[in-house]
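Coordinate analysis (summary)
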Amino acid sequence: LWERSTAHTTTKKLCSTSISLRSSSKLFFPCLTSEGIYRKSGVNSRVAALCDRFRRDARSLRLKEGEHQVDDVSNTLKRFFRELEEGLFTSEDARNWLSTTAVFYSFLSRLVMCLLSLSFIPAILDENEKISQYKVLLDRLPHVNKATLQALINHLYCVQRFSELNQMNLHNLAIVFGPTLFQTDGKDYTAGRAIEDLIQHYTLIFEVDEQQLNKQLEEIKAIIQMREKLNTKFPIHQRTERDGHFICTVYLEELKDTAEQHVKIPGSMTAVELAYEVLDRRNIPVKDKDYWSCWEVSEKEEMERPLHYQERVLPILHSVGNESHLLIKKQPAMDAMIIYLATKVDVSKHGMMKFREERSILGLGLPTGNFHDRFFILNVTSLRMYKDVRSHRPEREWVVKNLKIYLGIKKKLRPPTCWGLTVVYDSKKQEKPERHQWYLCCETQSEMREWYATFLSIQ
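The sections below set out a description of the structure shown in this document. (Residues numbered from 1 in each chain as written. Predicted model: local features only at pLDDT ≥ 70, side-chain atom pairs only at ≥ 80, totals over all residues. Heavy atoms only, no water.)

**Quick word on the overall build of the protein**
Where we set the bar: Numbering of helices and strands starts at the N terminus; helices are DSSP runs of H or I of at least 4 residues and strands are runs of E of at least 2. Contacts are assigned to residue pairs that have any heavy atoms within 4.5 Å of one another. In these tables, accessible area is a Shrake-Rupley quantity obtained with a 1.4 Å probe, and a residue counts as shielded only by the protein chains included in the view.
What the protein contains, in helices and strands, is 15 helices and 14 strands. Long-range contacts, defined here as pairs at least 24 residues apart, represent 63% of the contacts in the protein between residues at least 6 apart. Accessible surface for the protein amounts to roughly 25,500 Å². Of this, 51% is attributable to carbon and sulfur atoms.

Shown next as structure tokens:
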């Protein structure tokens, strides 16, 4: 939305961007369930700072849930439109928009009075005529203003469709955005009525495909439900001033001194937040199919794993000590794993792998230092190991949610192939916690990738 002039002074004008209506609607998912969105005020200092960041370089700013408050962001959007030079409806045509609204509502008032007094009823101004006039005015807007208005009204239409969650119905949104978009003092409700009309008749005025709109609403509903499930399983921790902060060394793409980043990590920081923090520092843009992740890398064990995106970073650093590092890098095999998972009919997997324990704890008769063929079955709850494919009773069984799966096996173990996984099992028994480690070897890289993808998708 922000455009720099050729003199490098920041101006407040609309400019063409590559953001489509469909992609822009997805920018606002967190606010759809925020009660009182756009009605509540943000913290003025934070709103001013966000506005300043957007003016300087909007594309480099990443809004992070938990760090940026929804009300601060929503007020930044409102402030942008209120301070927009010429206004969204342009200074030339804004009065025409308001006049169209005023004429129609003035007519309705006179009609009601005539009906009450049984007087002569004038020729009815059809609502279709009002919509047609709005469409004429819409077509007169500059292309960028028209596209921006459609993206915004699309968003507000979605907000009011979920008013049972956010308490912002059509009328409430119109009260807020009328004066904001028409840059009026708010004393005349004509501006609010104009915005109410645009939202209420969104599909007619903007000639929207209702099938596509319903599909968009279904997608939003599905994402809200998914977020609710995730927040139940991984509650979002709102940061406070009392959160502990630690200065930690994080590496970008390789474990070298030149790749070090010293980052202040609060107790609530997640893996995805850390990844974006480091990428922001290095001004590295995230492109489509750039699957950046935060990895736990152990040089001693010669293994690594990508952290779950909502996994807390600080507990990992405390648990691994000096033996491991955090590394921000891309997941090189993600495309192949996504394709494999898309073709799977069943989430489970089974097959032969070579198995070795760190040591023979339970007396299974497996000599230390040797890999043995075993048949494995992995499903959504457990990983079971059988002596062979004909066995009916598993030799071992582990709860999947207690497993950590790492790529790589120590070379000193002399694995039969280089395509291996290191598995760490942490039992959750309060009276006697246990930690076991063992190794799985695959025949090919693709086989290892399939097992690893199945583990990740289940977990």
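**Re the packing of helix α8 (residues 170-182) against helix α9 (residues 190-200)**
For the record, the criterion: Between N-to-C directions, angles cover 0 to 180 degrees, with each direction set by a line fitted to C-alpha atoms, over the stretch in contact for helices. For classification purposes, an angle smaller than 35 degrees is called roughly parallel, one larger than 145 roughly antiparallel, one from 65 to 115 roughly perpendicular, and anything else oblique. Crossing handedness is read from the near helix: turned anticlockwise from the far helix by less than a right angle, it gives a left-handed crossing, and turned clockwise, a right-handed one. Residue polarity follows a fixed list, in which Ala, Val, Leu, Ile, Met, Phe, Trp, Tyr, Cys and Pro are nonpolar, Asp, Glu, Lys and Arg are charged, and the others, Gly among them, are polar.
Running from N to C, α8 and α9 cross one another at 120°; their axes reach a closest spacing of 7 Å. Considering the angle they form, α8 stands oblique to α9. Remark: the crossing between α8 and α9 carries right-handed chirality. Here Leu-170, His-171, Leu-173, Ala-174, Phe-177, Gly-178, Pro-179, Leu-181 and Phe-182 of α8 come into contact with α9, specifically with Ala-191, Gly-192, Ala-194, Ile-195, Glu-196, Ile-199 and Gln-200. Here the contact of α8 with α9 is built from residues that sort into eleven nonpolar, four polar and one charged.

**Thoughts on the side chain of Glu-301**
Formally: Nitrogen and oxygen atoms within 3.5 Å of one another constitute a polar contact, given that in protein one can donate a hydrogen and the other can accept it, and given that sequence-neighbouring residues count only through two side-chain atoms.
As for its placement among the helices and strands, Glu-301 is situated in the loop between β5 (292-298) and β6 (303-306). A polar contact of 3.4 Å, which involves the side chain of Glu-301, links it to the side chain of Lys-410. Each residue touching Glu-301, except ones within four places of it in the same chain, is listed here: Ile-409, Lys-410, Gln-437 and Tyr-439.

**Let's talk about the packing of aromatic side chains**
The description of two aromatic rings rests on the distance between their centres and on the angle between their planes. As a reminder of what qualifies: When the centres of two rings from Phe, Tyr and Trp lie within 6.5 Å, Trp using its six-membered ring, the rings pair. Their planes under 30 degrees apart give stacked, over 60 give edge-to-face, and anything left gives tilted. When a residue's accessible area, from a 1.4 Å probe over protein chains only, is under 20% of the maximum for its type it is buried; when over 50% it is exposed; and in between it is partly exposed. A ring is scored as having a charge over it whenever the NZ atom of a lysine or the CZ atom of an arginine sits within 6 Å of its centre and within 35 degrees of its normal.
For the structure on display, the rule yields ten aromatic pairs. Relative to Tyr-386, the ring of Phe-375 has its centre 6.4 Å away and its plane inclined at 55°; by these criteria the two rings are tilted. Of the two residues, Phe-375 is situated in strand β9 (residues 372-378) and Tyr-386 in strand β10 (residues 382-386); the sequence distance between them amounts to eleven residues. We classify Phe-375 as buried; its relative accessible area is 10%. Through a chain of ring-to-ring contacts, the aromatic side chains of Phe-89, Trp-97, Tyr-134 and Phe-182 assemble into a single cluster. The side chain of Lys-329 reaches across the aromatic face of Trp-295, ending 4.5 Å from its centre. When the ring centre of Trp-451 is taken as reference, the NZ or CZ atom of Lys-349 above it lies at 5.1 Å.

**Observations regarding the side chain of Thr-270**
Mapped onto the elements of the fold, Thr-270 is located in the loop between β4 (260-266) and α12 (271-281). Here Thr-270 is in contact with Tyr-309, Gln-310, Glu-311, Arg-312 and Val-313, once residues within four sequence places are set aside.

**Some remarks on the pairing of strand β7 (residues 324-330)**
The condition is simple: Pairing between two strands is assigned when DSSP locates at least 2 bridges connecting them.
Burial analysis of β7 places five of its seven residues in the buried class, the great majority of the element. Pairing between β5 and β7: seven bridges, direction antiparallel. Its bridge partner being in β7, Ser-293 is matched across the sheet by Lys-329.

**Quick word on the pattern of salt bridges**
To be explicit about the condition: We define a salt bridge as a contact between a side-chain nitrogen of Lys or Arg and a carboxyl oxygen of Asp or Glu at a distance within 4 Å.
Going through the model one piece at a time under the given rule, you end up with 18 salt bridges. A salt bridge links Arg-305 to Glu-296; its shortest N-O distance comes to 3.0 Å. Of the two residues, Arg-305 and Glu-296, both sit in the buried class. The shortest N-O distance in the salt bridge between Lys-349 and Glu-450 comes to 3.5 Å. With a gap of 101 residues between them, Lys-349 in strand β8 (residues 349-357) and Glu-450 in helix α15 (residues 445-458) connect regions that are remote in the sequence. The exposure class of Lys-349 is buried, given its relative accessible area of 12%. The exposure class assigned to Glu-450 is partly exposed, which follows from its relative accessible area of 26%. One connected set of salt bridges, linked through shared partners, spans Glu-296, Arg-305 and Glu-311.

**Observations regarding unusual backbone geometry**
Where the residue is not glycine, phi is negative for most of them; where a peptide bond is considered, it is trans in most cases. For Glu-207, which is not glycine, the phi torsion reads 55° and is therefore positive. Judged by relative accessible area, which is 60%, Glu-207 ranks as exposed. At Glu-302, a position not held by glycine, the phi torsion is positive, near 55°. Mapped onto the elements, Glu-302 comes out in the loop between β5 and β6.

**Details of the environment of Cys-51**
Its location among the elements puts Cys-51 in helix α2 (residues 44-57). Sequence-wise, Cys-51 and Asn-75 are 24 residues apart; in three dimensions their C-alpha atoms are separated by 9.5 Å.

**Let's talk about α15**
Note the cut-off: Multiplying one less than the number of residues by 1.5 Å gives the expected span of a helix.
Look at α15: 20 Å from first C-alpha to last across 14 residues, which is about the 20 Å you get at 1.5 Å a residue. Within α15 the residues assigned to the buried category are Glu-447, Met-448, Trp-451, Tyr-452, Ala-453, Thr-454, Phe-455 and Ile-458.

**Here we look at the environment of Phe-89**
Mapped onto the fold, Phe-89 is located in the loop between α3 (70-82) and α4 (94-117). On a C-alpha basis, the gap between Phe-89 and Leu-138 in space is 8.7 Å, while along the polypeptide they are 49 residues apart. Excluding anything up to four places from it in sequence, Phe-89 contacts Ala-94, Trp-97, Leu-141, Leu-149, Leu-181, Phe-182, Ile-195 and Leu-198.

**Looking at the environment of Gly-420**
Mapping Gly-420 onto the fold places it in strand β13 (residues 420-426). Taking the C-alpha atoms as reference points, Gly-420 and Glu-447, separated by 27 residues in sequence, lie 9.8 Å from one another. Beyond its immediate chain neighbours, meaning those up to four positions away, Gly-420 contacts Tyr-406, Leu-407, Gly-408, Ile-409, Leu-440, Cys-441 and Met-448.

**Remarks on the nonpolar core**
How we decide: The definition of a nonpolar core used throughout is a set of buried Ala, Val, Leu, Ile, Met, Phe, Trp, Tyr and Cys residues joined through side-chain atoms within 4.5 Å.
Membership of the largest hydrophobic core comes to 46 residues, with the highest contact counts inside it found for Phe-89, Trp-97, Leu-149, Phe-182, Leu-198 and Phe-206. Looking at this core, the elements with two or more residues in it are α3, α4, α5 (127-140), α6 (143-161), α8, α9, α10 (202-205) and α11 (210-233). Sorting elements by how many residues they give to this core places α6 first, with seven residues. Filtering out sequence-adjacent residues up to four positions away, Phe-206 remains in contact with Leu-138, Leu-149, Gln-150, Ile-153 and Leu-198.

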